[in-house]
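Descriptive analysis of the structure
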Amino acid sequence: MTRPAWLERSPAYAPAFLLVLAAAAGGLRTPGTWLLFGALYLAWTALRPGGLAASGQEAALLFFGWLGAAAVFSPEPGVSLGTLGGYGVCALVFFSAAGGEGGETGWLRALYGLAAAAAVVLLYEKFSSGLVHGLIGQNPNYSAVFCAAAFAPAALALAGAGENKDRLLYGGLAALLAAGLAASGSRGALLAGFAAAACGFGLTRRWRWLGGLLLLAALAAALLPAAVLGAALKLEDPRAFARPQLWGSALDAAAASPLLGWGPGRFAAAFELFKFPYFDGVSYYGHGTLHAHSEFLNLAAEAGFPAALLLLLAVYQAARAGWRERLPFLLAALAALLQGAVDMVFYSGAVSLLFWGSLGFAAAGAPAAGGRKLKVWLAAAALLCLLAPYAGRLARSPYSGELALAESRRSPVVKLALARSAQAAAPTNALPVAEEGYARAAAGDLAGAADAFGRALSLEPRFDGALVALAGTYALAGDYASACAVLAGGPLNLEAPQARSPYNRALMDFDRQAAGKLEKECVKKKPGAATAASPKPRSKATK
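Residues numbered from 1 in each chain as written. Predicted model: local features only at pLDDT ≥ 70, side-chain atom pairs only at ≥ 80, totals over all residues. Heavy atoms only, no water.

Among the surface-exposed residues, L215, L216 and L219 lie close enough to one another that they form a single nonpolar patch of about 300 Å² accessible area. As for its placement among the helices and strands, L219 is situated in helix α10 (residues 207-223). (Patch = residues over 30% accessible without salt bridge, like charges linked within 9 Å, V, L, I, M, F, W, Y side chains within 5 Å. Areas by Shrake-Rupley, 256 points an atom, 1.4 Å probe, with all protein chains shown as cover. Salt bridge = Lys/Arg side-chain N within 4 Å of Asp/Glu carboxyl O. Helix = DSSP H or I, 4+ residues; strand = E, 2+ residues; numbered from the N terminus.)

Below you can see the structure in the form of structure tokens.
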């Protein structure tokens, strides 16, 4: 069958177009955008000429295969298979680019264009309002990674430029990207762009350029005002120093399941098991994360230590093949990977495509002659994986027993079982511990209820709902001394800070009517107070 002429020519420009499309589609940070983009890309992949090139890239092949095994054996295969679909798209991008079928020039131009647009947006936001979000989403790191990935190739092109117009072009682009990186406030992007450019100068033996780059970095650090430098390094941001604790949690998660991890796409669930305390003014365990803020540690936690090692081997194998002839692509991939080692940038599918596409072009060799059938099957498998989360939702009927479960939740026994199950999934979350207390109180187990409310308060001392419930439980048991002591020592009378998260709002919510009645009882029972008969406390001390 004769293909249309535009399809025959598409490998020269389609990869660049799809990279721009991925960035425009919100950076591919939701399952829906991944599905729409994946369907378009996979359809083109199946129809376009040429095959896949895996020869000489065995480490990358093993990497994607290992992710497939981790997804199949995941505790939540539906979630992990959906994530695997995104990795499948990246695999096809990598092995297609490694086939050397064209598109390198368009890819690099698309990268320069996206990076320049991101830098302009970052600078505009910095000088207009000071609130920097960037071109992709509400996180400037996603835009900064494009600036970092383009800065090193632009600096390398500037060093090798022979004509004045090229020097002007690449010099202006490098300056714009450097300014965008500074405006982003991303320490990871600044270091990644600097390190990749230094690596490029070193590999090409441009020692004067390397010395000039080091001198500029030293002068910037020395001449910038302390306030500006502190803001760039986020010295005033306490969250900046919580990241090592997050990395420690990721290592704990990986060590607990070192071979296949907790399943691709499931770091947020794993983090609940290995969460560290971080006080935000209300709660110690009200924080969460979708990513380990390090691609290596995220892979180790989600797919085991072998996945992180295979990624490094894949980068090494591609670098060994392309560092002489295709260095700009390698530097772009290196910058993205270096920033991804310390930032949450690979959560964006556009960044993953940037990395794997650039790495594939860096490793490109002779055009792949075969593998067309394999390409079609892999594209179909990736599309099915992207559909996996939606298939699970469609398979559920509104009459599948969920109504019966909702009715059964009125039973204290079922409430207790659900609360204990939730505690197993998130042992530092105080809310299901309090739910256990409510269930035990409803079943008449006041001692068990008091123990549960006490455990909830040990996790979150500002849990006003649990505090009132504990006091009410003591009152129901006739121990008014303990009830009054709990109310007197709690945070109820302190000025409450603003609760921005649902978790914190749940901690600060309590039955004010029940608390008021208990406080009146405590006033009446003080030594010397009137001893008139007091009304019987309500059977439930909280909502």
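Continuing now.
The next subject is unusual backbone geometry. Here R205, not a glycine, exhibits a phi torsion of approximately 60 degrees, which is positive. Structurally, R205 can be placed in the loop between α9 (187-203) and α10. Of note, the phi angle at H293 is positive, near 60 degrees, even though the residue is not glycine. Examined against the element boundaries, H293 turns out to sit in the loop between α13 (267-273) and α14 (295-303). Among the residues examined, H293 registers a relative accessible area of 16% and is labelled buried. (Buried < 20%, exposed > 50% of the residue type's maximum accessible area, 1.4 Å probe, protein only.)

Another aspect to go through is a positive patch on the surface. Taken together, K517, K520, K524 and K525 make up a surface patch of like positive charges. Positionally, K525 belongs in the segment after α26 (512-524). (Lys, Arg positive; Asp, Glu negative; His and termini not counted. Charge placed at Lys NZ, Arg CZ, Asp CG, Glu CD.)

What follows concerns empty space enclosed by the protein. A complete count under the given rule lists two cavities of 30 Å³ or more for this structure. Taken as a whole, the largest cavity encloses approximately 180 Å³ of empty space. Lining the largest cavity are 17 residues, and of these P15, Y41, W44, V93 and S96 sit closest to its centre. Class assignment for the residues of the lining of the largest cavity results in 12 nonpolar, three polar and two charged. The calculated volume of the second largest cavity comes to roughly 50 Å³. Residue lining of the second largest cavity: F63, Y87, E295, L299, L311, F346, S352, F355 and W356, and that is the complete set. Looking at the lining of the second largest cavity, the elements with two or more residues in it are α14 and α17 (349-362). At three residues, the largest contribution of residues to the lining of the second largest cavity is made by α17. Residues of the lining of the second largest cavity, tallied by class, amount to seven nonpolar, one polar and one charged. (1 Å grid on protein atoms, 1.4 Å probe; cavity = no way out; pocket = protein on both sides within 12 Å on 5 of 7 lines; lining within 4 Å. Points joined across faces, edges and corners; volume = space filled by probe spheres on them. Nonpolar A, V, L, I, M, F, W, Y, C, P; charged D, E, K, R; others polar.)

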